[in-house]
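Each chain is listed here by its residues.
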Amino acid sequence: MLKFSDYKLIEYVSKKHGEQKYGDKPYMYHILKVKDVCDKFIDNYEFDEYNKNVIKISVMCHDLLEDTDTEYEELVKIFNEDVAKIVFNVTGVGTNRKQRNLNAYNKIKTDDRSIFVKLCDRISNVEESIKNNERLLKIYKEEYFLFKKNIFNGKFIEMWDYLDKLIN
């Protein structure tokens, strides 16, 4: 069974993100908000304990490949291949936002756990933009049709319904 204490995980992720900011807040604010969304929804779905642990760790690590010097192999070594794969799946590659999103969507849709993690991230981002960033909220609204079209697979309906309400 994959085990990594919450304290060690928070310490690891915080150190990796260093002085990065989420708006005017430390980046860990965003990571912990995504974790809150995960905690709110994860028991609604039939993930076994192993996959719940993998998802919870992946939620905390979801931006490491995209926003830090963390390498895929490091995630495999510290956690395992499943965590590394999910983090890789939610990481977009490209020269602009649209390219990065489409790149990530193609990977995300291959794994239900990746869809769940990305939904947690997007719900958190939309919640935060409603409170603090109208410009970003407008971007999320503009992207929503393609986001849902590309990764919706008929699962996680409560999360999609919640996100639909936030967007509309």
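What comes next concerns the included structure. (Residues numbered from 1 in each chain as written. Predicted model: local features only at pLDDT ≥ 70, side-chain atom pairs only at ≥ 80, totals over all residues. Heavy atoms only, no water.)

**Comments concerning the overall build of the chain**
Part 1 of the reasoning: When its secondary structure is counted, the chain shows 10 helices and 2 strands.
Part 2 of the reasoning: Radius of gyration (C-alpha) of the chain: 15 Å, near the 15 Å computed for a compact globule of 168 residues.
Part 3 of the reasoning: For the chain, the accessible surface area stands at approximately 9,000 Å², while carbon and sulfur atoms represent 51% of it.
Part 4 of the reasoning: Mean positive and mean negative side-chain charge positions of the chain (29 and 30 charges, respectively) differ by 3 Å. (Helix = DSSP H or I, 4+ residues; strand = E, 2+ residues; numbered from the N terminus. Rg over C-alpha atoms; globule rule 2.2 N^0.38 Å. Areas by Shrake-Rupley, 256 points an atom, 1.4 Å probe, with all protein chains shown as cover. Lys, Arg positive; Asp, Glu negative; His and termini not counted. Charge placed at Lys NZ, Arg CZ, Asp CG, Glu CD.)

**Observations regarding the nonpolar core**
Nonpolar side chains in soluble globular proteins tend to end up buried together.
Part 1 of the reasoning: Ranked by internal contacts, the top residues of the largest apolar core, which has 51 residues, are Val13, Phe116, Phe156, Met159 and Leu163.
Part 2 of the reasoning: Dropping the residues within four chain positions of it, Met159 is found in contact with Phe41, Tyr45, Phe116, Leu119, Cys120 and Ile123. (Core = buried A, V, L, I, M, F, W, Y, C linked by side-chain atoms within 4.5 Å. Buried < 20%, exposed > 50% of the residue type's maximum accessible area, 1.4 Å probe, protein only. Contact = heavy atoms within 4.5 Å.)

**Here we look at the pattern of salt bridges**
Part 1 of the reasoning: Tallied over the full model, the rule gives 16 salt bridges.
Part 2 of the reasoning: The shortest N-O distance in the salt bridge between Arg113 and Asp82 comes to 3.7 Å. Of this pair, Arg113 sits in helix 8 (residues 112-132) while Asp82 sits in helix 6 (residues 81-89), and the two are 31 residues apart along the sequence.
Part 3 of the reasoning: What makes Arg113 buried here is its relative accessible area of 13%.
Part 4 of the reasoning: By relative accessible area, which is 24% here, Asp82 ends up partly exposed.
Part 5 of the reasoning: In this structure, Asp121 and Lys118 form a salt bridge, with 3.2 Å as the shortest nitrogen-oxygen distance. Separated by 3 residues within a single helix, Asp121 and Lys118 lie in helix 8, roughly one turn from each other. (Salt bridge = Lys/Arg side-chain N within 4 Å of Asp/Glu carboxyl O.)

**Section: unusual backbone geometry**
Part 1 of the reasoning: A positive phi angle, close to 60°, is found at Phe156, a residue other than glycine.
Part 2 of the reasoning: On the secondary structure map, Phe156 appears in the loop between helix 9 (134-151) and helix 10 (157-167).
Part 3 of the reasoning: Overall, Phe156 belongs to the buried group, its relative accessible area being 4%.

**Thoughts on the packing of aromatic side chains**
Part 1 of the reasoning: Applying the stated criterion to the full structure yields 15 aromatic pairs.
Part 2 of the reasoning: Each ring, one from Tyr12 and one from Phe79, has its centre 5.6 Å from the other, and the planes form 75°; the classification is edge-to-face. Placement of the pair is Tyr12 in helix 1 (residues 6-17) and Phe79 in the loop between helix 5 (72-78) and helix 6, with a sequence separation of 67 residues. Of the two residues, Tyr12 and Phe79, both sit in the buried class.
Part 3 of the reasoning: Through successive ring pairs, a cluster of aromatic residues spans Tyr105, Tyr144, Phe147, Phe152 and Trp160.
Part 4 of the reasoning: Above the ring of Phe88, the side-chain terminus of Lys107 is found at 3.9 Å from the ring centroid. (Phe/Tyr/Trp six-rings, centres within 6.5 Å; stacked < 30°, edge-to-face > 60°. Lys NZ or Arg CZ within 6 Å of the ring centre and 35° of its normal.)

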